[in-house]
Amino acid sequence: MANKDNGISLNVNEKIRAKEVRLIGADGENVGIVSISSALNMARDAGLDLLEIAPQSNPPVCKIMDYGKWKYEEQKKLKEAKSNQKVVETKELKIRPNIDVHDFQVKMKSAKRFIEDGDKVKFSVRFKGREITNQESGLSLLNRVKEELGDIIKVDKEPLMEGRQMVMFVSPSK
């Protein structure tokens, strides 16, 4: 049975099926091509494991190392990489077709802050009652948003009607 680490199939000790292996010692020196039995004996003498690190090569490359410690270090690296990733959130700004000038400026200030933080922004123009008959006002409002934010955004999804609201997705241009 091969161990699965990071999506790679790794064989350890007796699980290695090759007759000969290219061996790398515990301190990193290249021992050369040796039989699997002598490689396993060298690993046991050192109190470590024999790990197949390049099974596709001919002969396979194996290294003498502490498998438990190696596995722990790999998990630590994955956890560190995961914690350093920036999760892109989608923020939603809801606006009405007949929004006041000052309210529009406040929404644009919020949108700029979201974009500078690296988040995507979903603009929703909600139509109530008979406002739905004048969808051009929503379209012109979203075009005004594009002009206002200018070079700092790229439009991911052009304005589109979804039920009683018109939506547009934008993300940072960088």
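Residues numbered from 1 in each chain as written. Predicted model: local features only at pLDDT ≥ 70, side-chain atom pairs only at ≥ 80, totals over all residues. Heavy atoms only, no water.

Undergrad: Would you take a moment to explain the nonpolar core for this structure?
TA: Proteins that are soluble and globular tend to have nonpolar side chains buried together. By size, the foremost hydrophobic cluster in this structure holds 20 residues, and its most contacted members are Phe 123 and Val 145. Residue assignment for this core shows that the elements contributing at least two residues are strand S7 (90–95), helix H3 (101–116), strand S8 (120–126), helix H4 (135–149) and strand S10 (165–172). Considering each element in turn, this core owes the most residues, 5 residues, to H3. (Core = buried A, V, L, I, M, F, W, Y, C linked by side-chain atoms within 4.5 Å. Buried < 20%, exposed > 50% of the residue type's maximum accessible area, 1.4 Å probe, protein only. Helix = DSSP H or I, 4+ residues; strand = E, 2+ residues; numbered from the N terminus.)

Undergrad: What is the right way to look at helix H2 (residues 67–84) in this model?
TA: Every α-helix carries 3.6 residues per turn, so stepping three or four residues along brings you back to the same face. Over its 18 residues, H2 extends 26 Å from the first C-alpha to the last, a length consistent with the 26 Å expected when each residue adds 1.5 Å. Between a side-chain oxygen at the N-terminus of H2 and the backbone nitrogen of Gly 68 the separation is 3.3 Å; the capping residue is Asp 66. (Expected span 1.5 Å × (residues − 1). Polar contact = N/O pair within 3.5 Å; in protein donor to acceptor, adjacent residues only side chain to side chain.)

Undergrad: Got a minute to help me understand the confidence of the model for the protein in this structure?
TA: Detail in the predicted coordinates should be disregarded across regions flagged by low pLDDT. The pLDDT averaged across the protein works out to 84; a share of 95% of its residues lies at or above 70. No element of the protein has a lower mean pLDDT than strand S1 (residues 3–5), at 50, and none a higher one than S8, at 92. (pLDDT = per-residue confidence, 0-100.)

Undergrad: Whenever I open this one, the pattern of salt bridges confuses me. Can you help?
TA: Opposite charge on two side chains lets them pair, provided their charged atoms get close. Across all of its chains, the model carries 6 salt bridges by this definition. Here Lys 77 makes a salt bridge to Glu 74, at a shortest N to O gap of 3.5 Å. Here Glu 74 and Lys 77 lie together in helix H2, a separation of 3 residues that amounts to about one turn. Between Glu 158 and Lys 146 there is a salt bridge, with its nearest N and O atoms 2.7 Å apart. Taken together, the residues Glu 158 in strand S9 (residues 153–162) and Lys 146 in helix H4 connect sequence positions 12 residues apart. When its relative accessible area of 45% is taken as the criterion, Glu 158 is described as partly exposed. (Salt bridge = Lys/Arg side-chain N within 4 Å of Asp/Glu carboxyl O.)

Undergrad: I would appreciate a short explanation of H3 in the present structure.
TA: Spanning 16 residues, H3 covers 23 Å between terminal C-alpha atoms, matching the ideal 22 Å at 1.5 Å per step. Three or more residues of H3 are buried, namely Phe 104, Met 108, Ser 110, Ala 111, Phe 114 and Ile 115. Around the axis of H3, the buried residues are gathered within 165° of arc, so they sit on the same side. Turned more than 90 degrees off the buried face of H3, the exposed positions are His 102, Lys 109 and Glu 116. The inward-facing, buried residues of H3 abut S7, S8, H4, S9 and S10. Of the residues flanking the end of H3, it is Gly 118, one or two places downstream, whose phi is positive at about 90°. (Arc of directions from axis to C-beta. Contact = heavy atoms within 4.5 Å.)

Undergrad: How should the packing of aromatic side chains be read in this particular structure?
TA: Working definition: an aromatic ring pair is given by the centre-to-centre distance plus the angle between the planes. Under the defined criterion, the tally for this structure stands at 1 aromatic pair. Over the face of the ring belonging to Phe 104 we find Arg 144, whose NZ or CZ atom lies 3.8 Å from the ring centre. (Phe/Tyr/Trp six-rings, centres within 6.5 Å; stacked < 30°, edge-to-face > 60°. Lys NZ or Arg CZ within 6 Å of the ring centre and 35° of its normal.)

Undergrad: What should I look at first to understand the pairing of S7 in this one?
TA: A regular strand places its side chains so that they alternate between the two faces of the sheet. In the sheet, S7 pairs with S8 via 6 bridges, with the strands oriented parallel. Bridging from a neighbouring strand, Lys 94 pairs with Ser 124 of S8. Between the parallel pair S7 and S8, the chain is carried across by H3, and the sense of this crossover is right-handed. (Pairing = 2+ DSSP bridges. Right-handed = clockwise from strand over helix to strand, strands pointing away.)

Undergrad: Looking at this structure, how should I read the sheet that holds strand S5 (residues 49–54)?
TA: Pairing between the strands of a sheet comes from backbone hydrogen bonds, and it takes one of two forms, parallel or antiparallel. Strand order across the open sheet formed by 4 strands is S4-S3-S6-S5, with mixed pairing between neighbours. Strand pairing shows two members of the sheet lacking a second neighbour, strand S4 (30–35) and S5, which therefore form its edges. Strand-to-strand twist of the sheet, defined as the mean angle between neighbouring strand axes without regard to direction, takes the value 35°. Two elements, S5 and strand S6 (residues 61–65), share 5 bridges in a ladder whose sense is antiparallel. Across the sheet, Glu 52 pairs through a bridge with Cys 62, a residue of S6. Together, S5 and S6 form the strand contacts of H2, whose direction differs from that of S5 by roughly 45°. (Axes fitted to C-alpha atoms, helices over the stretch in contact; angles between N-to-C directions.)

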